[in-house]
Amino acid sequence: MTERTPPSLLPTDLQPVPRRILVVEDSPLNQMLVTAILAQAGHRAETASNGLEAVLAAQAGGYDLILMDLSMPEMDGLTATRLLRELPGPPGRVPVVAMTADTDEADRVRCQDAGMNDHVAKPVDRALLLETVEKWLRAAASPVASAGFGPCAPAPPAAAGEVLDREVLAQLAQDLDAELLADVLRQFVEETRERVARIAAESDRAVLTREAHTLKSTAGTFGARTLCAAARALEMACRASLAEQGGSGMEEDGAADTVEGLRGEIPRLAGDAIAAYRAAGYPV
């Protein structure tokens, strides 16, 4: 686990009571972004890279809130939350808020059934994240803590045809100082190049599903609009392919063609996004 505690940038009269929050997320980029937002709000943010690390950390106690990604290696967020809820005493009652790029009703129900209190959508909206965090910190401090899911508001859509979502980038520029924003964008580009290479080389549908899911999340977080859409489509196509294989034991030609077509598009779209960052003046 790592810990980031830069000084708060909020006015004194707006600062909440500092709390200890565990950010469970396998993407270093998302870890950096979320912990920066929490630290600017005055909280002490620590990280775990998968559900197993989260359970081990939570057993020691001391956390006021856990932000939990769903799709992670070693142990996913749903399994981790179920195990957390079995812990005795305060560690088993810590509010858990899901962070997920999947925001449909079925995913909301899965989170709730696992014992999560709420969820926020990726790409992360700073205001909604902090609002949800404060809501559950207050609830946990209250004698009667309410349960149930709040609304998940996706980021506003960009104009059709744009490679980058300017509103997402503008929000990032407000949330992070210029040096940190440049740093996380460079790391995003480096991580994306590695992930795109794995997607191009991988044929296992389960592995492709995980890679596409993570690419969808990080691309959305950093405003790579068309790349995010393609990664989402690849994830859905891979899930459909896996469903076909589970039902008949064979993958239909149409599903295979869709997956291969999207795999072929993603390297080009990643290159377009990187070029667009540079054209916009970002040193990536």
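In this text, all values refer to a predicted model and were calculated from it rather than measured experimentally. (Residues numbered from 1 in each chain as written. Predicted model: local features only at pLDDT ≥ 70, side-chain atom pairs only at ≥ 80, totals over all residues. Heavy atoms only, no water.)

**Regarding the packing of helix H1 (residues 28–40) against helix H7 (residues 178–201)**
Here's step 1: Look at H1 against H7: their axes get within 9 Å of each other, and the N-to-C directions meet at 160°. The angle between the axes of H1 and H7 places the two elements in the roughly antiparallel class. Judged by the sense of rotation from one axis to the other, the crossing of H1 with H7 is left-handed. For the pair H1 and H7, contact is made by Pro 28, Leu 29, Met 32 and Ala 36 and by Leu 180, Asp 183, Val 184, Gln 187, Phe 188 and Glu 191, respectively.
Here's step 2: Taken together, the residues of the contact of H1 with H7 break down into seven nonpolar, one polar and two charged. (Axes fitted to C-alpha atoms, helices over the stretch in contact; angles between N-to-C directions. Helix = DSSP H or I, 4+ residues; strand = E, 2+ residues; numbered from the N terminus. Parallel < 35°, antiparallel > 145°, perpendicular 65-115°, else oblique. Left-handed = near helix turned anticlockwise from the far one by under 90°. Contact = heavy atoms within 4.5 Å. Nonpolar A, V, L, I, M, F, W, Y, C, P; charged D, E, K, R; others polar.)

**Here's the deal with the environment of Arg 239**
Here's step 1: Its place among the elements puts Arg 239 in helix H9 (residues 225–248).
Here's step 2: Expressed as a C-alpha distance, the spacing of Arg 239 and Thr 209, which sit 30 residues apart in the sequence, is 6.7 Å.
Here's step 3: Those residues in contact with Arg 239 that sit more than four places away from it in its chain are Thr 209 and His 213.
Here's step 4: Of the polar contacts made by the side chain of Arg 239, one reaches the side chain of Glu 235; its length is 2.8 Å. (Polar contact = N/O pair within 3.5 Å; in protein donor to acceptor, adjacent residues only side chain to side chain.)

**Things to note about helix H8 (residues 205–221)**
Here's step 1: The end-to-end C-alpha separation of H8 is 24 Å, in line with the 24 Å expected for 17 residues at 1.5 Å each.
Here's step 2: With 14 of 17 residues buried, H8 is to be regarded as a mostly interior element.
Here's step 3: Put simply, Asp 204 is the residue that caps the front of H8, since its side-chain oxygen is 3.0 Å from the backbone nitrogen of Ala 206.
Here's step 4: Downstream of H8 by a residue or two, Gly 223 has a phi angle that is positive, lying close to 75°. (Expected span 1.5 Å × (residues − 1). Buried < 20%, exposed > 50% of the residue type's maximum accessible area, 1.4 Å probe, protein only.)

**What to know about the pairing of strand E6 (residues 118–121)**
Here's step 1: What you see with E6 is no split at all: Asp 118 and Val 120 on one side and His 119 and Ala 121 on the other are buried throughout.
Here's step 2: Relative to E6, strand E5 (residues 96–100) is paired through four bridges, and the arrangement is parallel. By the bridge assignment for E6, Met 99 is matched with Val 120. (Pairing = 2+ DSSP bridges.)

**Quick word on unusual backbone geometry**
For residues other than glycine, phi is negative in most cases, and the peptide bonds are mostly trans.
Here's step 1: Of note, the bond from Lys 122 into Pro 123 is cis; its omega dihedral lies within 30 degrees of zero at 0°.
Here's step 2: Tracing the backbone through its elements, the reader meets Pro 123 in the loop between E6 and helix H5 (126–141).

**Topic: the packing of aromatic side chains**
Here's step 1: A complete count under the given rule lists three aromatic pairs for this structure.
Here's step 2: Judged by centre distance (6.1 Å) and plane angle (85°), the rings of Phe 188 and Tyr 277 are edge-to-face. Note that Phe 188 is positioned in helix H7 and Tyr 277 in helix H10 (residues 253–279), a separation of 89 residues in sequence.
Here's step 3: On the basis of relative accessible area, Phe 188 is assigned to the buried category, the value being 2%.
Here's step 4: Three or more aromatic residues joined by ring pairs make a cluster, and in this case those are Phe 188, Phe 222, Tyr 277 and Tyr 282.
Here's step 5: A cation over a ring is seen here: Arg 20 above Tyr 63, with NZ or CZ 4.1 Å from the ring centre. (Phe/Tyr/Trp six-rings, centres within 6.5 Å; stacked < 30°, edge-to-face > 60°. Lys NZ or Arg CZ within 6 Å of the ring centre and 35° of its normal.)

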